[in-house]
Amino acid sequence: MDGCLLLTLLMVPGQELQGWISTLISLILLIMVLVLSFTSQQMQVLRWRWEIERNLNKLETLVQNARSMVIKKFKERYKVDPVGKLDRMLEFFTIEPVSDDPRYVMERLEHLLDVRKSRFETFTKSILPEASDAERANAEVTVEALIALNTLYRVIRHYLYLGKKLNSMYIIMQLHMLLPLLMRQAYALYNCLGAFIDGKPIGDGIGPIVAAHLIGKSKVKRIAKDTVYAKVKKFDRNLFVVKAEGPGGNVGKLGDAVKNLIAKYRIDAVIMVDAALKLEGELSGSVVDGVGAAIGGPGVDKYKIEEICRKKKIPLYAVIVKEDYEEAITPIKKEIIDSTDEVIKRIGEILLENTEKDGNVIIACAGNTIGVGQ
Amino acid sequence: MMSSQLEKAKYISLLLSLLLILLLFVFIFYPDFNVKLISLILALAIGILYFKYEDKIRKIISSQLPPTLQLKGTTIIKCLNCSYTTERNYIEGDYIMKEAGECPKCKGQMVISKIFFERSSK
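None of these values were measured; they are calculated from a predicted model.

1. Thoughts on the overall build of chain B
Here is step 1 of the chain: Across its full length, chain B holds 2 helices and 4 strands.
Here is step 2 of the chain: For chain B, the N- to C-terminal ordering of α and β elements is α-α-β-β-β-β.
Here is step 3 of the chain: Within the span of chain B, comprising 122 residues, buried residues form 14% of the whole.
Here is step 4 of the chain: Of the contacts made within chain B by residues no fewer than 6 positions apart, 52% connect residues no fewer than 24 positions apart.

2. Things to note about the overall build of chain A
Here is step 1 of the chain: Summing up its helical and strand segments, chain A has 12 helices and 7 strands in all.
Here is step 2 of the chain: For chain A, the spread of C-alpha atoms along the principal axes amounts to about 105 × 50 × 45 Å.
Here is step 3 of the chain: Put simply, chain A has 374 residues, and 41% of those count as buried.

3. Let's talk about the nonpolar core
Here is step 1 of the chain: The biggest cluster of nonpolar side chains holds 104 residues, and the ones touching the most others in it are A:Val241, A:Val242, A:Val258, A:Val270, A:Ile271 and A:Ile363.
Here is step 2 of the chain: Excluding residues that lie within four positions of it along the chain, A:Val270 makes contacts with A:Val258, A:Ile305, A:Cys309, A:Ile314, A:Leu316, A:Ile362 and A:Ala364.

4. Quick word on the pairing of strand E1 (residues 69-79) of chain B
Residue and element names in this part refer to chain B.
Here is step 1 of the chain: Sheet topology places E1 next to strand E2 (residues 85-89); 5 bridges connect them, and they run antiparallel. Within E2, the residue paired with Thr74 across the bridge is Asn89.
Here is step 2 of the chain: Linking E1 back to E2 in an antiparallel pair, the connection comprises 5 residues, with Ser83 at a positive phi of about 65°.

5. A word on helix H6 (residues 169-198) of chain A
All names here are of chain A.
Here is step 1 of the chain: Under the 1.5 Å per step criterion, the end-to-end length of H6 is 44 Å for 30 residues, consistent within 8% with the ideal 44 Å.
Here is step 2 of the chain: Maximum bend of H6: about 50°, positioned at Leu179, with proline Pro180 one to four residues after it.
Here is step 3 of the chain: Downstream of H6 by a residue or two, Gly199 has a phi angle that is positive, lying close to 75°.

6. Some points on the domain arrangement of chain A
Residue and element names in this part refer to chain A.
Here is step 1 of the chain: When cut into domains, chain A gives domain 1 (45-198) and domain 2 (203-365).
Here is step 2 of the chain: Domain 1 and domain 2 are separated by 28 Å when their C-alpha centres are compared.
Here is step 3 of the chain: Listed by partner, the interface residues are 16 residues for domain 1 and 12 residues for domain 2.
Here is step 4 of the chain: Counting residues per element, the ones that place at least two in the side of domain 1 that touches domain 2 are helix H4 (105-127), helix H5 (133-166) and H6.
Here is step 5 of the chain: Class assignment for the residues of the side of domain 1 that touches domain 2 results in 10 nonpolar, 3 polar and 3 charged.

7. Quick word on the confidence of the model for chain B
All names here are of chain B.
Here is step 1 of the chain: Taken as a whole, chain B shows an average pLDDT of 79; of its residues, 79% reach a score of 70 or greater.
Here is step 2 of the chain: Within chain B, the lowest mean pLDDT, 71, falls on helix H1 (residues 3-29), and the highest, 93, falls on E2.
Here is step 3 of the chain: Model confidence for the complex is summarised by a pTM of 0.82, with the ipTM given as 0.83.

8. As for the environment of B:Leu24
Residue and element names in this part refer to chain B.
Here is step 1 of the chain: Secondary-structure assignment places Leu24 in helix H1.
Here is step 2 of the chain: A residue is classified by how many C-beta atoms lie within 10 Å of it, and Leu24, with 17 of them, is partly exposed.
Here is step 3 of the chain: Put simply, Leu24 and Ala43 are 19 residues apart on the chain and 6.4 Å apart in space, counted from C-alpha to C-alpha.

9. Quick notes on the sheet that holds strand E2 (residues 227-234) of chain A
Residues and elements named next belong to chain A.
Here is step 1 of the chain: With mixed pairing, the 7 strands of this open sheet are ordered in space as E1-E2-E3-E7-E4-E6-E5. Of all the strands in the sheet, just strand E1 (221-224) and strand E5 (287-291) have a single pairing partner and so form its edges. Neighbour-to-neighbour, the strand axes of this sheet turn through a mean angle of 30°, independent of strand direction.
Here is step 2 of the chain: Sheet topology note: the strand E4 (residues 269-277)/strand E6 (residues 316-323) ladder contains 8 bridges and is parallel. Looking at the pairing, Val273 lines up with Val319 of E6.
Here is step 3 of the chain: Contacts from helix H8 (residues 254-264) reach E1, E2, strand E3 (237-244), E4 and strand E7 (360-365), with the element oriented near 105° to E1.

10. Some points on H5(A)
Here is step 1 of the chain: A rise of 1.5 Å per residue sets the reference length of H5(A), with its 34 residues, at 50 Å; its end C-alpha atoms lie 49 Å apart and thus fit the reference within 8%.
Here is step 2 of the chain: Once H5(A) ends, the next one or two residues include A:Asn167, with phi positive near 50°.

11. Let's talk about unusual backbone geometry
Residue and element names in this part refer to chain A.
Here is step 1 of the chain: Of note, the bond from Gly246 into Pro247 is cis; its omega dihedral lies within 30 degrees of zero at 10°.
Here is step 2 of the chain: Counting through the fold element by element, Pro247 comes out in the loop between E3 and H8.
Here is step 3 of the chain: Positive phi outside glycine occurs at Lys79, with the angle close to 55°.
Here is step 4 of the chain: As for its placement among the helices and strands, Lys79 is situated in the loop between helix H2 (15-78) and helix H3 (83-89).
Here is step 5 of the chain: Its 9 C-beta neighbours within 10 Å are what place Lys79 among the exposed residues.

12. Looking at the packing of H5(A) against H6(A)
To describe two helices that pack against each other, one gives the angle between their axes and the distance between the axes.
All names here are of chain A.
Here is step 1 of the chain: Their axes nearest at 10 Å, the elements H5 and H6 cross at an angle of 160°. Here H6 runs roughly antiparallel to H5, going by the angle between their axes. The element H5 and its partner H6 pack so that their crossing is left-handed.
Here is step 2 of the chain: Of the residues contributing to the contact of H5 with H6, the split by class is 22 nonpolar, 4 polar and no charged.

13. A look at the packing of helix H7 (residues 206-215) of chain A against helix H12 (residues 340-354) of chain A
Residues and elements named next belong to chain A.
Here is step 1 of the chain: Across the interface, H7 lies against H12 with an axial gap of 10 Å and an inter-helix angle of 70°. The orientation of H7 with respect to H12, classified from their angle, is roughly perpendicular. For H7 against H12, the interelement crossing comes out right-handed. Touching Ile209, Val210, His213 and Leu214 of H7 are Thr340, Val343 and Ile344, all from H12.
Here is step 2 of the chain: A per-class count over the contact of H7 with H12 returns 5 nonpolar, 2 polar and no charged.

14. Considering the environment of A:Thr142
All names here are of chain A.
Here is step 1 of the chain: Locating Thr142 in the fold gives a position in helix H5.
Here is step 2 of the chain: Judged by the 26 C-beta atoms lying within 10 Å of it, Thr142 falls in the buried class.
Here is step 3 of the chain: For the pair Thr142 and Leu162, spaced 20 residues apart in the sequence, the C-alpha separation amounts to 30 Å.
Here is step 4 of the chain: Once residues within four sequence positions are removed from consideration, Thr142 is found in contact with Val70, Leu193, Phe196 and Ile197.

Cut-offs applied
Residues numbered from 1 in each chain as written. Chains lettered and ligands numbered in written order. Predicted model: local features only at pLDDT ≥ 70, side-chain atom pairs only at ≥ 80, totals over all residues. Helix = DSSP H or I, 4+ residues; strand = E, 2+ residues; numbered from the N terminus. Buried ≥ 20, exposed ≤ 12 C-beta atoms within 10 Å, placed from the backbone. Contact = placed C-beta atoms within 7 Å. Core = buried A, V, L, I, M, F, W, Y, C linked by C-beta atoms within 7 Å. Pairing = 2+ DSSP bridges. Expected span 1.5 Å × (residues − 1). Bend = angle between axes of the 7 residues up to and from the residue. Domains from an automatic or database assignment. Nonpolar A, V, L, I, M, F, W, Y, C, P; charged D, E, K, R; others polar. pLDDT = per-residue confidence, 0-100. Axes fitted to C-alpha atoms, helices over the stretch in contact; angles between N-to-C directions. Parallel < 35°, antiparallel > 145°, perpendicular 65-115°, else oblique. Left-handed = near helix turned anticlockwise from the far one by under 90°.

This is how it looks when you write it as structure tokens:
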């Protein structure tokens, strides 16, 4: 009965009712303004959270797609089912050595990295028993990229959940601020998987590509684990060109190689070639030279090269090719590979300006040699 | 993510938003009070329904990924003797310094000297 009355009043309203409703709407608006002025910060956090959640969903899809892609490729190519073992490896970790006491920290780090490498080798051998060494090396870097992508997803999820749990604006805010960079990294990791599985050369491989061009037809010898060198006569100097052994995905042990060559020959200079991260606004594939050990990674090889050059007072020069993070880990672009000739020209200039004729010089080319033979 | 699902979600969101805006416009500008009132109630109902299911719609839309990287690979083959160069599409299994047959000019050894990839998004 009351409902019918209300409906009748609404359908045939008088001026009194209109006034009431207008007052009610004004009151609602006033309350809304008051509520908004006190809760705007929470609403901002909510908006950030939604944005993070949306990207986390994308990241989850990326990880699932990447995992499925790797499993599918392994199944198709090698007729194996890696699901169980691969899932076990997805949360693989390496604990960094304690650095409170810095004695032998590099040696301890190297030891752990060696153990890690051997663990990965055993893993790829167990899932791909029929594959060649190069294919296994490619599978190793593929699984490493997959682990990195999965770790990124788990870390973002952790901070989002922590922020929600503690209701902390600052955790959410920091995560939101870093989100574009993290997502860029995630897409780069996702896009590099295909290249790694197929063994395509990547942007980071510009160092080994330069080495391969310098070596040409010369005979190569092994100088350290997964690392080769060739003696080449060029620019009226004896060049000892060092690179990781390809064409499988591999970075070699350039530190040991340089150390062994210095122990074996009288070396006048060391020139390092590597890809380096460019600053925004700089051209990809531009070549720059300087001094120092141009080599990335956890620092073991860099430390060894710096240390041996310091001990023997050998000058250490560097030539770098600029590229961004995505370019470094995805299949190589034309503008980057086209810089090869410019790098060789720059090496020649450094040699002519800083070394004597017939001098012995090490050209250590750092980077992942996937898709680059010798 | 099914593209049809995504299209549906986008279409529903757009339709509901337009309806909501239309009803609010009617509420503000239409002279008849009854129509105004009904429009307001309808707009509120649509708004509540929209926000109730918004998380589901958002979840469907949010899992859309950016276009995947499509690559067109080119392999450049060079003779180690006479520097004769030829170009072809990248074939799986190609790698730099891989032997690539005999040079048609000098019968010297040809190797893959460069491989590069052009990008396009799909």
